[in-house]
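These are the residues of each chain, in order.
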Amino acid sequence: MERPLISVEGLARRFGDGNQPAVFENIWFGIDRGEFVCLIGHSGCGKTTILNVLAGLDQPSDGAVIVDNREIDGPSLDRAVIFQGHALLPWLTVMGNIAFAVSSRWPKWDRARVAEHSRKFIELVGLKGAENKRPAQLSGGMKQRVGIARALSIQPKMLLMDEPFSALDALTRGMLQDEVLRICADTRQTVFMITHDVDEAILLADKIVLMTNGPGAKIAEIVVNTMPRNERHRNDLHRHPQYYAIRNHLVEFLVNRSKAFDQEIADGSYDPRRLKLVKPGLAAVNPPAEVVPLRHTH
Ligand SMILES: Nc1ncnc2c1ncn2[C@@H]1O[C@H](COP(=O)(O)OP(=O)(O)OP(=O)(O)O)[C@@H](O)[C@H]1O
């Protein structure tokens, strides 16, 4: 079987003595190389727990995560995580924070090479000129930029983001979303991101994984973003012909289907290993039925 770059296979997580219900179970999905996947679901369904398992920071009760055909068994520099808070080292400068990660990744590199590589990523996130500042001298948005540069600088196979923009003001959030979209397109970075924000998912994701409410949360289906990356622009997202179809589908899921999903699948058609790939809005772009020309009779 040909596996995607990241393959989540039968994941379940139970906390406590084993008598409590699973937070989620039978979770299967894949992420292809270069793909940007968002996970959406209500608070408490287990999104952060799934991300922690992907990061190797938590162990599943059942199942496994396979990255590049190898089962993960702990944290690795192959998988970089960006949290909501930036977790920078306060005594190091911007350059120091990034260089620290770079030299952990490539311990044999000399100082000049580490600095040159780090500088490239500082520039990529628009922090040129702030190399010598310490975290306390930076705004929230700038700190998050350092976190993004640090994660990207180790060139991970996979970037994991847990609501990375939610603590930022709307203007900064928008600017950073645009930058992440551009950087991920330029670097073909594979990304798994948790968000609560439907518009953020539509702007950034190629696929949106929909998770039902816990306990016993499931992946209901996977929504394919039918707006191609180069047609997604934050300021006129709503003008795209597919936008409302996708948005309404996601909102309808969060408002209604996420809590009543067990009723929806009572007919037994649900197979967690073969999830539906839903393409809302695609019908709207289907070419109109061919018009049969009138036959001229002479
Ligand atoms: N270490 C733990 N011990 C016990 N229960 C835990 C632990 N970590 C998470 N949980 C429980 O697992 C459930 C899922 O938590 P998780 O943080 O993964 O949800 P989430 O979907 O990310 O929520 P949010 O959107 O609010 O961040 C919650 O009910 C939480 O209380």
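Refer to the structure presented above.
Residues numbered from 1 in each chain as written. Predicted model: local features only at pLDDT ≥ 70, side-chain atom pairs only at ≥ 80, totals over all residues. Heavy atoms only, no water.

> Got a sec to walk through the pairing of strand β1 (residues 6–13)? Specific residues and values, please.
With eight of its eight residues buried, β1 lies for the most part within the structure. The sheet contact formed by β1 and strand β2 (residues 24–31) spans five bridges and is antiparallel. Each residue of the ladder has a partner; that of isoleucine 6, found in β2, is isoleucine 31. When β1 meets strand β4 (residues 62–67), the two strands line up antiparallel, connected through five bridges. (Buried < 20%, exposed > 50% of the residue type's maximum accessible area, 1.4 Å probe, protein only. Helix = DSSP H or I, 4+ residues; strand = E, 2+ residues; numbered from the N terminus. Pairing = 2+ DSSP bridges.)

> If you had to explain the packing of aromatic side chains to someone new, which residues and values would you point to?
Tallying each qualifying case throughout the model produces four aromatic pairs. Their ring planes at 85 degrees and their centres at 5.4 Å tell us that phenylalanine 261 and tyrosine 270 sit as a pair that is edge-to-face. One exposure class covers both phenylalanine 261 and tyrosine 270, and it is buried. Here arginine 273 stacks its cationic end above the ring of tryptophan 28, 4.0 Å away from the centre of that ring. (Phe/Tyr/Trp six-rings, centres within 6.5 Å; stacked < 30°, edge-to-face > 60°. Lys NZ or Arg CZ within 6 Å of the ring centre and 35° of its normal.)

> Got a sec to walk through the pattern of salt bridges? Specific residues and values, please.
All chains considered together, the criterion is met by 16 salt bridges. Close ionic contact of lysine 218 with aspartate 262 constitutes a salt bridge, the shortest N to O distance being 3.0 Å. One end of the pair, lysine 218, is in the loop between β9 (207–211) and β10 (219–224); the other, aspartate 262, is in helix α7 (residues 243–264), and 44 residues separate them in sequence. Beyond isolated ion pairs, a larger network of salt bridges with shared partners links Arg33, Asp68, Asp78 and Lys157. (Salt bridge = Lys/Arg side-chain N within 4 Å of Asp/Glu carboxyl O.)

> Tell me what's going on with unusual backbone geometry, and back it up with residues and numbers.
Following glycine 214, the chain continues to proline 215 via a peptide bond in cis, the omega torsion being -10 degrees. Turning to its location among the elements, proline 215 is positioned in the loop between β9 and β10. Backbone geometry at asparagine 26 places phi at a positive 55 degrees, although glycine is not the residue there. Note that asparagine 26 resides in strand β2. You can call asparagine 26 partly exposed: its relative accessible area is 41%. Phi at aspartate 68 takes a positive value of approximately 55 degrees, unusual for a residue other than glycine. As for its placement among the helices and strands, aspartate 68 is situated in the loop between β4 and β5 (70–71). Judged by its relative accessible area of 30%, aspartate 68 is partly exposed.

> Give me the lowdown on the pairing of strand β3 (residues 36–40), citing residues and values where you can.
Of all five residues in β3, five are buried; the element is thus mostly enclosed. Across four bridges, the pairing between β3 and strand β8 (residues 191–194) is parallel. Along β8, the bridge assignment pairs phenylalanine 36 with valine 191. Where β3 lies against β9, four bridges are found, and the strand directions are parallel. Of the residues in β9, the one forming a bridge with cysteine 38 is isoleucine 208.

> Tell me about the packing of helix α3 (residues 111–124) against helix α4 (residues 140–153), residues and numbers included.
Their axes nearest at 9 Å, the elements α3 and α4 cross at an angle of 135 degrees. When the interaxial angle is binned, α3 and α4 end up oblique. At the point where α3 passes α4, the crossing takes the right-handed sense. Touching His117, Phe121 and Leu124 of α3 are Ala149, Leu152 and Ser153, all from α4. For the contact of α3 with α4, the residue count by class is four nonpolar, two polar and no charged. (Axes fitted to C-alpha atoms, helices over the stretch in contact; angles between N-to-C directions. Parallel < 35°, antiparallel > 145°, perpendicular 65-115°, else oblique. Left-handed = near helix turned anticlockwise from the far one by under 90°. Contact = heavy atoms within 4.5 Å. Nonpolar A, V, L, I, M, F, W, Y, C, P; charged D, E, K, R; others polar.)

> So what about the environment of alanine 22? Which residues, and what values?
Turning to its location among the elements, alanine 22 is positioned in the loop between β1 and β2. When the C-alpha positions of alanine 22 and glutamate 116 are compared, they lie 47 Å apart, and in sequence the two are 94 residues distant. Once residues within four sequence positions are removed from consideration, alanine 22 is found in contact with Arg13, Arg14, Pro215 and Gly216.

> Give a description of the site of the ligand that names residues and reports values.
Around the ligand, a shell composed of Phe15, Val23, His42, Ser43, Gly44, Cys45, Gly46, Lys47, Thr48, Thr49 and His196 is seen. Here serine 43 contributes a side-chain N or O atom positioned 2.5 Å from an oxygen atom of the ligand. Glycine 46 places a polar main-chain atom, nitrogen or oxygen, 3.0 Å from an oxygen atom of the ligand. Contact with the protein chains hides 54% of the accessible area of the ligand, taken as 640 Å² for the molecule alone. Of the residues that constitute the shell around the ligand, the class distribution is three nonpolar, seven polar and one charged. (Near = heavy atom within 4 Å. Polar contact = N/O pair within 3.5 Å; in protein donor to acceptor, adjacent residues only side chain to side chain. Areas by Shrake-Rupley, 256 points an atom, 1.4 Å probe, with all protein chains shown as cover.)

Without other data, these values stay purely geometric and don't point to any function.
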